[in-house]
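# Structure assessment
The residues making up each chain are set out below.
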Amino acid sequence: MSSEPCAVDDGVKLDVKGIVKKATELNDFGHLLEHVPYAKFIGMGVERFGDELVFKLPAKDDNIGNPILPALHGGVIAGFMEMSAIVQLMVFMQTTKVPKVVDFSIDYLRAGYHKDSFAECKITRQGRRVANVSINCWQTNRKHLIATARAHFLID
């Protein structure tokens, strides 16, 4: 498989495999997120703990959907979870291309208030062309999820 460049919003071609490799070598997956405009827009971050990645969505006024509660916009939660799954696949499968979403199903379990949110992904099945990922999102306690999702991706 060749390392195929991918386009980003500013018109610059990037080497996805090279970016993932560099992020892995540096053990800094923020380097990978720096190349994703949506991740920068919502303020997304990631930390590695051994073989586990934990994604963070910091409290940010622009991510609020209901100012009365205040609560996060459901689309921001879904986008955060989807992007978390994509990065998880890119890092642990060392993909040469950005995985493409085939299907994404989310269950909102409780309001996501205006505070830091976290996500954890598990690759539940990986075939040659398709990978399945489950994603859990919480705020103050991993046992009190605000959303859970399942996603299927087309990979290299």
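Look a little higher up for the structure.
Residues numbered from 1 in each chain as written. Predicted model: local features only at pLDDT ≥ 70, side-chain atom pairs only at ≥ 80, totals over all residues. Heavy atoms only, no water.

The helix and strand inventory of the protein stands at four helices and ten strands. If you list the helices and strands of the protein from N to C, you get β-β-α-α-α-β-β-β-β-α-β-β-β-β. A compact globule built from 156 residues should have a C-alpha radius of gyration of about 15 Å, and the protein, at 15 Å, falls within 12% of that. Once the C-alpha set of the protein is aligned to its principal axes, its extents read approximately 50 × 35 × 30 Å. Counting only residues that meet the buried cut, the protein has 40% of its 156 residues in that class. Here the analysis covers contacts within the protein between residues at least 6 apart in sequence; of these, 58% occur between residues at least 24 apart. Element-wise, carbon and sulfur atoms account for 52% of the exposed surface of the protein, whose accessible area totals about 8,500 Å². For the protein, the centre of its 19 positive side-chain charges and the centre of its 18 negative side-chain charges are spaced 6 Å apart. (Helix = DSSP H or I, 4+ residues; strand = E, 2+ residues; numbered from the N terminus. Rg over C-alpha atoms; globule rule 2.2 N^0.38 Å. Buried < 20%, exposed > 50% of the residue type's maximum accessible area, 1.4 Å probe, protein only. Contact = heavy atoms within 4.5 Å. Areas by Shrake-Rupley, 256 points an atom, 1.4 Å probe, with all protein chains shown as cover. Lys, Arg positive; Asp, Glu negative; His and termini not counted. Charge placed at Lys NZ, Arg CZ, Asp CG, Glu CD.)

Overall, the coordinates contain six salt bridges when judged by the stated rule. Note that E25 is salt-bridged to K21, the shortest N-O span being 3.9 Å. Residue E25 and its partner K21 are located together in helix α1 (residues 16–26), separated by four residues, close to a single helical turn. R150 serves as the salt-bridge partner of D107, at 3.3 Å between the closest nitrogen and oxygen. (Salt bridge = Lys/Arg side-chain N within 4 Å of Asp/Glu carboxyl O.)

With 20 residues, helix α4 (residues 74–93) extends 28 Å between its outermost C-alpha atoms, agreeing within 8% with the 28 Å of an ideal straight helix rising 1.5 Å per residue. Within α4, 15 of the 20 residues are buried, leaving the element largely enclosed by the surrounding structure. Just downstream of α4, Q94 is the residue with a positive phi angle, here 45°. (Expected span 1.5 Å × (residues − 1).)

Take D156: it is sitting in the segment after β10 (145–154). The class of D156 is partly exposed, set by a relative accessible area of 25%. Taking the C-alpha atoms as reference points, D156 and F104, 52 residues apart in sequence, are found 19 Å from one another.

A separate point is unusual backbone geometry. Of note, the bond from L69 into P70 is cis; its omega dihedral lies within 30 degrees of zero at -15°. Within the secondary structure, P70 sits in the loop between β5 (64–66) and β6 (71–72). The backbone phi angle of N27 is positive, close to 55°, even though this residue is not glycine. Looking at the secondary structure, you find N27 in the loop between α1 and α2 (30–33). For N27, a relative accessible area of 47% puts it in the partly exposed group.

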